[in-house]
Amino acid sequence: MGNKLKAVVVGAVLGVAGAAFAQGTPTTPAAPKADVKAPAKAAAGKAAGKTEVTWWGHAAFVVKTPGGATIAIDPWFTNPKAPQGATWPEAVDAILVSHGHFDHVGETKALAQKTSAKVYGSFELVNLLGLPEAQGMGANAGGTFTVKDATIHLVEAVHSSSYQADPKGASQYAGAPLGFVIEIANGPTLYHSGDTAAFSSMALIAEQFKPTVALLPIGGHFTMDPAQASVAAKLLKVKTVVPMHYGTFPALAGTPDALTTELKKTRATTKVLALEPGKATAL
Ligand SMILES: [Zn+2]
């Protein structure tokens with residue numbers, strides 16, 4: 001990366017952080033709140049037999065499986081679009097972190113500490129996070145892991161990855177960026193692409209894992225935009241796309257409507273399912 005381009009990108013990232021700041025996003029993770037509204041037993045009963053996906057804004061999701069696994073993905077729970085007043089999940093089995101940027105690592109360390117969840121991500125990133133040995137599941141593309149009734153495959157993403165432990169400190173190399181395929185027994189096969197451009201090996205992901213629902217970035221600037229996401233949906237052969245990584249900041253300008261328009265142009269039958277932050281949706 002040339003110095004001039006680097007300055008532009010760093011400036012953009014700082015601009016993004018500044019935008020979050022302006023909207024009152026705390027720079028340190030908010031203390032986890034006690035889950036007084038939804039007793040765990042009632043929530044588990046409601047989810048029985050279904051897979052529930054809750055979008056927390058940006059690239060953050062919480063997935064609950066029929067077999068009782070709770071999986072958090074890229075848990076930046078304090079992002080500007082996060083549901084107001086929502087309580088963090090009480091019990092989490094696995095946290096998947098696609099890459100080291102702040103808008104994806106988010107509150108991983110605090111959530112891991114609170115729930116004792118295992119953290120899956122690139123070998124380098126997991127090392128940098130400094131988790132207790134039993135919780136750090138550093139791995140790489142090609143790795144497959146079982147979490148209760150979910151089988152998680154780590155796959156490639158076309159992006160960059162660095163981690164800044166201290167906001168005033170230097171960024172450190174954090175390994176390759178990743179995406180995740182989550183095969184759920186008696187449920188959907190989800191693909192969370194992480195931050196990525198569209199790439200031809202999405203066809204290989206389709207061939208190997210047959211995802212049914214893809215969680216894809218559409219914001220543009222740092223990732224795919226709606227036009228590229230429609231190409232990705234075609235390569236992945238998915239029935240449903242859940243858009244993410246848009247609207248968090250002005251730079252992430254893609255919209256679900258624009259994605260719908262792009263898919264129509266290709267006569268694709270793929271549905272766009274735009275989730276509302278904080279609302280659990282059965283898939
Ligand atoms: Zn991002």
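Located above this text is the structure these notes cover.
Residues numbered from 1 in each chain as written. Predicted model: local features only at pLDDT ≥ 70, side-chain atom pairs only at ≥ 80, totals over all residues. Heavy atoms only, no water.

Colleague: Go over the coordination of the zinc ion with me, naming the residues and quoting the values.
Modeller: Coordination of the zinc ion by the protein involves Asp103 (OD), His104 (NE2), Asp195 (OD) and His245 (NE2), with metal-donor separations of 2.1 to 2.2 Å. In this structure, the zinc ion is coordinated by four donor atoms arranged in irregular fashion, with angles at the metal of 89 to 167 degrees. Each donor residue of the zinc ion belongs to the same chain, with the gaps between them written as D-H-x90-D-x49-H. Take Asp103 and His104: they sit in the same class, and that class is buried. (Donors = N, O, S within 2.8 Å, 3.2 Å for Na, K, Ca; no water. Tetrahedral: all angles 85-135°; square planar, octahedral: opposite > 155°, others 65-115°. Buried < 20%, exposed > 50% of the residue type's maximum accessible area, 1.4 Å probe, protein only.)

Colleague: Describe the pattern of salt bridges, with residues and values.
Modeller: Counted according to the given criterion, the structure contains three salt bridges. In this structure, Lys148 engages Asp93 in a salt bridge whose closest nitrogen and oxygen atoms are separated by 3.3 Å. Of this pair, Lys148 sits in the loop between strand 7 (144-147) and strand 8 (150-156) while Asp93 sits in the loop between strand 3 (70-73) and strand 4 (94-96), and the two are 55 residues apart along the sequence. Note on Asp93: relative accessible area 27%, which makes it partly exposed. Close ionic contact of Glu262 with Lys265 constitutes a salt bridge, the shortest N to O distance being 3.3 Å. Note that Glu262 and Lys265 are positioned in helix 8 (residues 256-265) at a spacing of three residues, about one turn of the helix. (Salt bridge = Lys/Arg side-chain N within 4 Å of Asp/Glu carboxyl O. Helix = DSSP H or I, 4+ residues; strand = E, 2+ residues; numbered from the N terminus.)

Colleague: If you had to explain helix 6 (residues 202-209) to someone new, which residues and values would you point to?
Modeller: Regarding helix 6, the residues found buried are Met202, Ile205, Ala206 and Phe209. The buried side chains of helix 6 occupy one side of the element, clustering within an arc of 100 degrees when seen end-on. Taken together, the buried residues of helix 6 touch strand 8, strand 11 (178-184), strand 12 (189-192) and helix 7 (226-236). A positive phi of about 50 degrees marks Lys210, the residue just after helix 6. (Arc of directions from axis to C-beta. Contact = heavy atoms within 4.5 Å.)

Colleague: Summarise the nonpolar core; cite the residues concerned and give the values.
Modeller: If you look at the biggest cluster of nonpolar residues, it comprises 46 residues, and the most contacted ones within it are Phe61, Ile71, Leu96, Ile182, Tyr191, Leu216 and Leu236. Considering each element in turn, this core owes the most residues, five residues, to strand 11. Ile95, Val97, Val119 and Leu131 belong to the second largest nonpolar core, which has 21 residues in total. (Core = buried A, V, L, I, M, F, W, Y, C linked by side-chain atoms within 4.5 Å.)

Colleague: Break down the sheet that holds strand 3 for me, citing the residues and quoting the values.
Modeller: The strand order across the open sheet built from seven strands is 6-5-4-3-2-1-16, with neighbouring strands paired in mixed fashion. Lying at the two open borders of the sheet, with one neighbouring strand each, are strand 6 (136-139) and strand 16 (281-282). Bridge count for strand 5 (residues 118-122) against strand 6 is four bridges, and the pairing is parallel. Across the sheet, the residue bridging to Tyr120 is Met137, located in strand 6. Against the sheet, helix 4 (residues 108-115) touches strand 3, strand 4 and strand 5, its axis set at about 170 degrees to strand 4. (Pairing = 2+ DSSP bridges. Axes fitted to C-alpha atoms, helices over the stretch in contact; angles between N-to-C directions.)

Colleague: How would you sum up the packing of helix 7 against helix 8? Please name residues and give values.
Modeller: Between helix 7 and helix 8, the shortest axis-to-axis distance is 8 Å and the interhelical angle comes to 55 degrees. Between helix 7 and helix 8, the interaxial angle falls into the category oblique. For the element pair helix 7 and helix 8, the recorded crossing hand is right-handed. Note on element contacts: helix 8 touches helix 7 through Ala258, Leu259, Glu262 and Leu263, opposite Pro226, Ala227, Ala229, Ser230 and Ala233. Among the residues forming the contact of helix 7 with helix 8, the class breakdown is seven nonpolar, one polar and one charged. (Parallel < 35°, antiparallel > 145°, perpendicular 65-115°, else oblique. Left-handed = near helix turned anticlockwise from the far one by under 90°. Nonpolar A, V, L, I, M, F, W, Y, C, P; charged D, E, K, R; others polar.)

Colleague: Could you give me a rundown of the side chain of Thr51, with the residues and numbers involved?
Modeller: Tracing the backbone shows Thr51 in the loop between helix 2 (40-47) and strand 1 (52-55). Judged by relative accessible area, which is 1%, Thr51 ranks as buried.

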